[in-house]
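A closer look at the structure
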Amino acid sequence: MATFGVEDLKKGLRLKIDGKPYLITEFEFKKPGKGQAVYRCRVKDLITGNTFEKVWRSGDNFETADLESLTVNYSYENGDDFAFIDQNSSEEIVLTRKQLEDKWHFLTDDAECELLLFEGKVIDVTLPTWFYAELTTCEPGVRGDTANNVTKPAFTKTGWEIRVPLFLNQGDWVKIDTRTGEYVERVANPNDIKKK
Amino acid sequence: MTSRRSNPESLRVLQLRSRLLGALRAFFASREFLEAETPLRLATPALEDHIDAIPAAGRWLRTSPELHLKRLLAAGASRIYQIGPCFRLGERSERHREEFTMLEWYEAPGDSLTVMATTIDLIRACSQALGKRRDYFARDPEILPLADAFRRHGLDLDAAIAAGRFEEELCFRIEPHLGLSRPCFITDYPASMAALARRKPGFPHLAERWELYVDGLELANAYGELTDPVEQRARFLATAELRRAAGRVVYPLDEDFLASLANLPPCGGIAFGIDRLLMALLGTQEISDVLSFPEE
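Keep in mind that this is a model prediction, so the values were computed, not measured.

Quick look at the overall build of chain B
- On a plain count of helices and strands, chain B comes out with 10 helices and 13 strands.
- Its C-alpha atoms give chain B principal-axis dimensions of about 60 × 50 × 40 Å.
- Out of the 296 residues belonging to chain B, those deemed buried represent 44%.
- Long-range contacts, defined as pairs at least 24 residues apart, comprise 68% of the intrachain contacts of chain B with a sequence gap of at least 6.

Spelled out as structure tokens, the structure:
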């Protein structure tokens, strides 16, 4: 396992602490003229996404984190498994519904995704930012109610609940931000566009 | 004809640095100090617990001119100063450069208090000469023992040292508050942090050492100098052992310096960061604001 010293710490560096991968998001070097150097860092846990502050001093050593990024395309769903194809090796990588957390709601055929692997295990999935979906369940809009910021619940085919403006109806298509899972705007039905 | 581009910012830095260097040399000339020159490449850089030298063709670049300046004092000089580059491995931040400009001066006869009086006069003279922050530097400085500075923030100095948290507490909890409305001298460091200082007369658990802070920025470190060759050798050897145990480079003992110590008169001395003095005069926290070549 490759190791490095505290003097090599910098913003953007990824390292392993107590067996888990972390990212340095902020970095500050302080040193009294006659004293020991101290390194104050803001550190992000790459598995949970939590950040915290950590102070290290000269003499501390670290292990590099064995992290790998793969570009894959979503292929198919089989029960609770979701299969992706690695663009480089063409190998199939299967993730479970649990591993994908809410993200399985936003998968479209062939979508290009980024997988972050730590010691060979997938710890994060980045989807295309925009996901387009049909509203399969949506109460009818109430005519005349044009107040801003009034929303109603609606559901996509997979059962993902979003808040949408009152003017949307069942069968309308919407754009969803896959980072937040929230409604962005109404869009045209992509099937209609294809027909033209 | 070559084309020349004017850069107002680098021109301004050049003018400020030149005026500051001129003010410093005029100040020392008026007090009959001699300007010294000492070697830049050393076979035996001073053994310090936490200062590392940059290798240079079988030798090291000086981290400070201290040992050679003391040899000049031992040879009979009484008031000397030096302005020039020093180098410290791995020190780079918005307040540090591995290569920086250091002023050191020594006064014999003298001690840390005579150096403090000279320091107050010097920073006021520089403030006047550059027309910068005259009100701030004219104020009576605060003199604050290190343990009191810790206490002020609910911290115990001895406990912090015992827990290995001295630098962390100093840098993040205490320093940002030092010298905000007037210059601040932190005094009475523990004897374990004396390096080349003598023990404070009558207080053997303390070092005769102080540091100057402006705007939370450490500018200078001063000693009543240790003149005892036996104690100095013992301290160097302890530092060598500490460095060896930590797997760091152990520099050879400077036997010429140790031999000269027997002739060193009672004196005070100081190492003063000149880039930082200019930062303090301009009221900036970024060393890149005061360098002609900040990217180097």
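Side note on the packing of helix 1 (residues 8–30) of chain B against helix 3 (residues 112–130) of chain B
All names here are of chain B.
- Contact geometry for helix 1 and helix 3: axes closest at 9 Å, N-to-C directions at 135 degrees. Relative to helix 3, the element helix 1 lies oblique. With respect to the hand of their crossing, helix 1 and helix 3 are arranged in right-handed fashion. Packed against helix 1, whose contacting residues are Leu16, Arg19, Leu20, Ala23, Leu24 and Phe27, the element helix 3 presents Leu122, Ala125, Cys126, Ala129 and Leu130 at the interface.

Structural notes on the interface of chain B and chain A
- Counting from both sides, the interface comprises 18 residues of chain B and, opposite them, 14 residues of chain A.
- Those elements that place two or more of their residues in the side of chain B that touches chain A are helix 7 (166–174) and strand 12 (217–224) of chain B.
- The element contributing the most residues to the side of chain B that touches chain A is helix 7 of chain B, with 6 residues.
- When grouped by side-chain class, the residues that make up the side of chain B that touches chain A number 7 nonpolar, 5 polar and 6 charged.

Notes on the environment of A:Asp177
All names here are of chain A.
- Considering the arrangement of structural elements, one finds Asp177 in strand 15 (residues 173–177).
- Between the C-alpha atoms of Asp177 and Gly35, which are 142 residues apart in sequence, the distance is 49 Å.
- Asp177 has contacts with Thr129, Trp130, Glu182 and Val184, leaving out every residue within four places of it along the chain.

Structural notes on helix 1 of chain B
Residue and element names in this part refer to chain B.
- In this model, helix 1 (23 residues) spans 33 Å end to end at C-alpha, consistent with the 33 Å of a helix rising 1.5 Å per residue.
- Regarding helix 1, the residues found buried are Val13, Leu20, Leu24, Phe27 and Phe28.
- Of the surrounding secondary structure, the elements contacted by the buried residues of helix 1 are strand 1 (34–35), strand 5 (79–87), strand 6 (99–107), helix 3 and helix 10 (274–282).
- Looking one or two residues beyond helix 1, the residue adopting positive phi is Glu32, at roughly 60 degrees.

Section: the environment of A:Ile24
Residues and elements named next belong to chain A.
- In this structure, Ile24 sits in strand 3 (residues 20–30).
- When the C-alpha atoms of Ile24 and Lys11 are compared, they prove to be 5.2 Å apart, with 13 residues separating the residues in sequence.
- Among all residues touching Ile24, those that are not within four sequence positions of it are Leu9, Lys10, Lys11, Gly12, Leu13, Cys41 and Val43.

A word on the sheet that holds strand 4 (residues 59–61) of chain B
All names here are of chain B.
- Taken together, the 3 strands give an open sheet; going across it, the order is 2-4-3, and neighbouring strands pair in antiparallel fashion. On the outer flanks of this sheet lie strand 2 (41–42) and strand 3 (55–56), each paired with one strand and no other.
- Here strand 3 pairs with strand 4 via 2 bridges, running antiparallel. Of the residues in strand 4, the one forming a bridge with Ala56 is Arg59.

Examining the sheet that holds strand 14 (residues 161–165) of chain A
Residue and element names in this part refer to chain A.
- One open sheet holds the 5 strands; their spatial order is 14-13-12-15-16, and the pairing between them is antiparallel. Both edges of this open sheet fall to strand 14 and strand 16 (182–187), since each of them pairs with a single strand only. With strand direction ignored, the average angle separating the axes of adjacent strands in the sheet is 50 degrees.
- In this sheet, strand 16 lies alongside strand 15 in antiparallel orientation, the contact comprising 5 bridges.

A closer look at unusual backbone geometry
- Omega for the peptide link from B:Ala108 to B:Pro109 comes to -5 degrees, which places this bond in the cis form.
- Examined against the element boundaries, B:Pro109 turns out to sit in the loop between strand 6 and helix 3.
- Phi is positive for A:Asp18, which is not a glycine, with a value near 45 degrees.
- Position of A:Asp18 relative to the elements: it lies in the loop between strand 2 (14–17) and strand 3.
- Taking the C-beta count within 10 Å as the criterion, A:Asp18 has 5 such neighbours and is therefore assigned exposed.
- The phi dihedral of A:Glu119 falls on the positive side, at around 50 degrees, and the residue is not glycine.
- Structurally, the position occupied by A:Glu119 is in the loop between strand 10 (112–118) and strand 11 (121–126).

A few points about the pairing of strand 9 (residues 92–96) of chain A
- As paired elements, strand 8 (residues 81–86) of chain A and strand 9 of chain A share 5 bridges and run antiparallel to each other. By the bridge assignment, A:Ala83 is partnered in strand 9 of chain A with A:Val94.

Observations concerning the pairing of strand 11 of chain A
Residues and elements named next belong to chain A.
- In this structure, strand 10 lies alongside strand 11, joined through 5 bridges in antiparallel fashion. Looking across to strand 11, one finds that Phe118 is bridged to Lys121.
- From the end of strand 10 to the start of strand 11, which pair antiparallel, there are 2 residues, and Glu119 there has a positive phi angle of about 50 degrees.

Calculation notes
Residues numbered from 1 in each chain as written. Chains lettered and ligands numbered in written order. Predicted model: local features only at pLDDT ≥ 70, side-chain atom pairs only at ≥ 80, totals over all residues. Helix = DSSP H or I, 4+ residues; strand = E, 2+ residues; numbered from the N terminus. Buried ≥ 20, exposed ≤ 12 C-beta atoms within 10 Å, placed from the backbone. Contact = placed C-beta atoms within 7 Å. Axes fitted to C-alpha atoms, helices over the stretch in contact; angles between N-to-C directions. Parallel < 35°, antiparallel > 145°, perpendicular 65-115°, else oblique. Left-handed = near helix turned anticlockwise from the far one by under 90°. Nonpolar A, V, L, I, M, F, W, Y, C, P; charged D, E, K, R; others polar. Expected span 1.5 Å × (residues − 1). Pairing = 2+ DSSP bridges.

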